[in-house]
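Remarks on the overall topology
Okay, here's what each chain looks like letter by letter:
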Amino acid sequence: MRSAAPRSTRVKPIQTYIDTARSLAQLVAAVADQIENKRRIPTEVSSEIIDAGFFRLLLPASLGGAELSHPDFLQIIRIFAEADASVAWCINQNNVFSTNAVRVSEATAQRVWGDKRTVVSNGPPGPQNRAVSSGNGDYVLSGRWNFSSGITHANWVAALAPVYTENQMKPNEMRTFLIPIEDVRIVDEWQVGGLRGTGSLGFEAVGLRVPGCLSYEASEPSREPGMLYLIDTTPMFASGFATVALGATRAGLDSAIATAQRKTQQGQSQTLREETATQRTIGEAEAIWNSARAFLQEATDSMWNAVSVHGELNTDQRIMVRLASTHAIRKSAEVVDAAYSICGSDAIFTANPVHRRFQDVHAITQQIQGRMTHYDTAGQHYLGLEPKGIF
């Protein structure tokens, strides 16, 4: 167990970050159609977010980061998610990944994240990806990495790959390699229906030599004593993306409620809100959404309290975050389905806010954090079995 003694690191009070997030979210909402159509965050908007330090929220103070508490960070993610799910997704993805700055040497961390405009984009490896150890501490890297959210505003990429020695059939380890974006080839296959604005393009490298100092194993211990770095990226990714789903769904449900207050069905004289079916649907949707939100908050607060008091997470806490995150994503889809149904034919038009939220939330259910098999993992744990899966 490592010490989790709290330390004073934050330069600005959390309310300042919250207020700035709300201001930036208004800017995002104003260009939501452009984000959707261009499949990326416009440069003028991503620059505002970068310059305000919102891709450095989880970086350690030693690197000039905000080093926010995780519960405070999730508040910010929800604010952006209600404005646009794609922007919130990138802010969560790029910020959570940045916590790996504590797993490389101080010199490497300064090289990559010392630039206040640095954003690192990463994606999962393909089946043919590999890195070959050169024997002198460097590596030769080849492969493709898709789903690299935020790569259109990034200046570094991160490539996870199995490491082999020459002529070896089985890898020795898995390492992540940090690469300046100009050293890779960008591949645009991001033709999707939901989360379009994340700009989750791919990148390729062929025989690229990467210095060993620009790589690390996920199990590397943290150089930093902060409580934030006692949590690995798995529960932070899961709970952050679940918060994106909840925030987008909240905006979709609010839009459906506004539609119900003014819309009448063909041949009817009363508005949708006066119909019993609408009233029941809204009541059930509110109950589902608030229940999922409360469970996620309970799980993430418990996680933060655990590292604050004990300096580590046990399996119970990790499983609870996994279960609450997956449940929030799956229930968000149910609620946004209800919102979509209430809006009737209005919802099929891409200009309708409910349409976009419907597409975005369903895209999140297809991501690894929304897999139904996570329920199996939780069930195994609660039944006294050895849990399998990612938690």
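All values reported here derive from a predicted model rather than from experimental measurement. (Residues numbered from 1 in each chain as written. Predicted model: local features only at pLDDT ≥ 70, side-chain atom pairs only at ≥ 80, totals over all residues. Heavy atoms only, no water.)

Phe-80, Trp-113 and Leu-178 are the most contacted members of the largest nonpolar core, which totals 113 residues. Counting residues per element, this core draws most heavily on helix α7 (residues 233-262), at 11 residues. When residues no more than four places from it in sequence are discounted, the contact partners of Leu-178 are Phe-97, Val-104, Thr-108, Val-112, Trp-113, Val-120, Trp-156, Val-157, Ala-158, Val-210, Leu-214 and Tyr-216. (Core = buried A, V, L, I, M, F, W, Y, C linked by side-chain atoms within 4.5 Å. Buried < 20%, exposed > 50% of the residue type's maximum accessible area, 1.4 Å probe, protein only. Helix = DSSP H or I, 4+ residues; strand = E, 2+ residues; numbered from the N terminus. Contact = heavy atoms within 4.5 Å.)

Here we take up the packing of aromatic side chains. Considering all chains together, one arrives at 8 aromatic pairs under this definition. Taking the centre distance of 5.9 Å and the plane angle of 65° together, the rings of Phe-54 and Phe-80 count as edge-to-face. One end of the pair, Phe-54, is in the loop between α3 (43-51) and α4 (70-83); the other, Phe-80, is in helix α4, with 26 residues separating them in the sequence. Look at Phe-54 and you get buried, because its relative accessible area is 1%. Taking 3.7 Å as the distance between ring centres and 15° as the angle between the ring planes, the aromatic pair formed by Trp-89 and Phe-241 counts as stacked. Of the two residues, Trp-89 is situated in helix α5 (residues 85-98) and Phe-241 in helix α7; the sequence distance between them amounts to 152 residues. Both residues of the pair, Trp-89 and Phe-241, belong to the buried class. One aromatic cluster is present, built from ring pairs that chain together Tyr-17, Phe-54 and Phe-80. (Phe/Tyr/Trp six-rings, centres within 6.5 Å; stacked < 30°, edge-to-face > 60°.)

Note that Thr-152 resides in the loop between β3 (139-148) and β4 (156-164). Residue class for Thr-152 comes out partly exposed when judged on its relative accessible area of 31%. For the pair formed by Thr-152 and Gln-366, sequence separation is 214 residues and the distance between their alpha carbons is 22 Å. Beyond its immediate chain neighbours, meaning those up to four positions away, Thr-152 contacts Arg-40, Gly-199 and Leu-201.

The next point concerns helix α6 (residues 106-113). Looking at α6, one finds that the buried residues are Thr-108, Ala-109, Val-112 and Trp-113. Looking straight down α6, one finds its buried side chains confined to an arc of 100°; they lie on one side. In α6, the exposed positions angled more than 90 degrees off the buried face are occupied by Glu-106 and Ala-107. Residues of α6 that are buried sit in contact with α5, β1 (120-123), β4 and β5 (173-180). (Arc of directions from axis to C-beta.)

Further remarks concern the packing of α4 against α5. A pair of packed helices is characterised by two quantities: the angle between their axes and the separation of those axes. Between α4 and α5, whose axes approach to 7 Å, the crossing angle comes to 155°. With respect to their mutual orientation, α4 and α5 come out roughly antiparallel. Side by side, α4 and α5 meet where Phe-73, Ile-77, Phe-80 and Ala-81 of the first sit next to Ala-85, Val-87, Ala-88, Ile-91, Asn-92, Asn-95 and Val-96 of the second. For the contact of α4 with α5, the class distribution of residues is 9 nonpolar, 2 polar and no charged. (Axes fitted to C-alpha atoms, helices over the stretch in contact; angles between N-to-C directions. Parallel < 35°, antiparallel > 145°, perpendicular 65-115°, else oblique. Nonpolar A, V, L, I, M, F, W, Y, C, P; charged D, E, K, R; others polar.)

With 17 residues, helix α1 (residues 14-30) ought to run about 24 Å at 1.5 Å a step, and its terminal C-alpha atoms sit 25 Å apart, in line with that. Every buried residue of α1 is accounted for by Tyr-17, Ile-18, Ala-21, Leu-24, Ala-25 and Val-28. The arc enclosing the buried residues of α1, seen along the axis, measures out at 130°, which places them on a common side. Away from its buried face, by an angle of more than 90 degrees, α1 presents the exposed residues Gln-26 and Ala-30. Close packing links the buried residues of α1 with α2 (32-38), α3, α4 and α5. (Expected span 1.5 Å × (residues − 1).)

As a further point, take the confidence of the model for the chain. The predicted model of the chain has a mean per-residue pLDDT of 94, with 97% of residues at 70 or higher. Contacts from residues 1-8, a stretch scored under 50 in pLDDT, to residues over four places away or in other chains number 22 contacts. (pLDDT = per-residue confidence, 0-100.)

Turning our attention to the side chain of Ser-149. Position of Ser-149 relative to the elements: it lies in the loop between β3 and β4. Not counting residues within four places of it along the chain, the set of residues in contact with Ser-149 comprises Trp-89, Cys-90, Gln-93, Asn-94, Ser-121, Asn-122, Thr-198 and Ser-200.

A few words on the pattern of salt bridges. Taken as a whole, this structure holds 16 salt bridges when the rule is applied. For Arg-356, the salt bridge is made with Glu-36, and the minimal N-O distance between the two is 3.7 Å. Of the two residues, Arg-356 sits in helix α10 (residues 353-365) while Glu-36 sits in helix α2, which places them 320 residues apart along the sequence. Looking at Arg-356, the relative accessible area reads 11%, which means it is buried. Taking relative accessible area as the criterion, Glu-36 reaches 15% and is therefore assigned buried. (Salt bridge = Lys/Arg side-chain N within 4 Å of Asp/Glu carboxyl O.)

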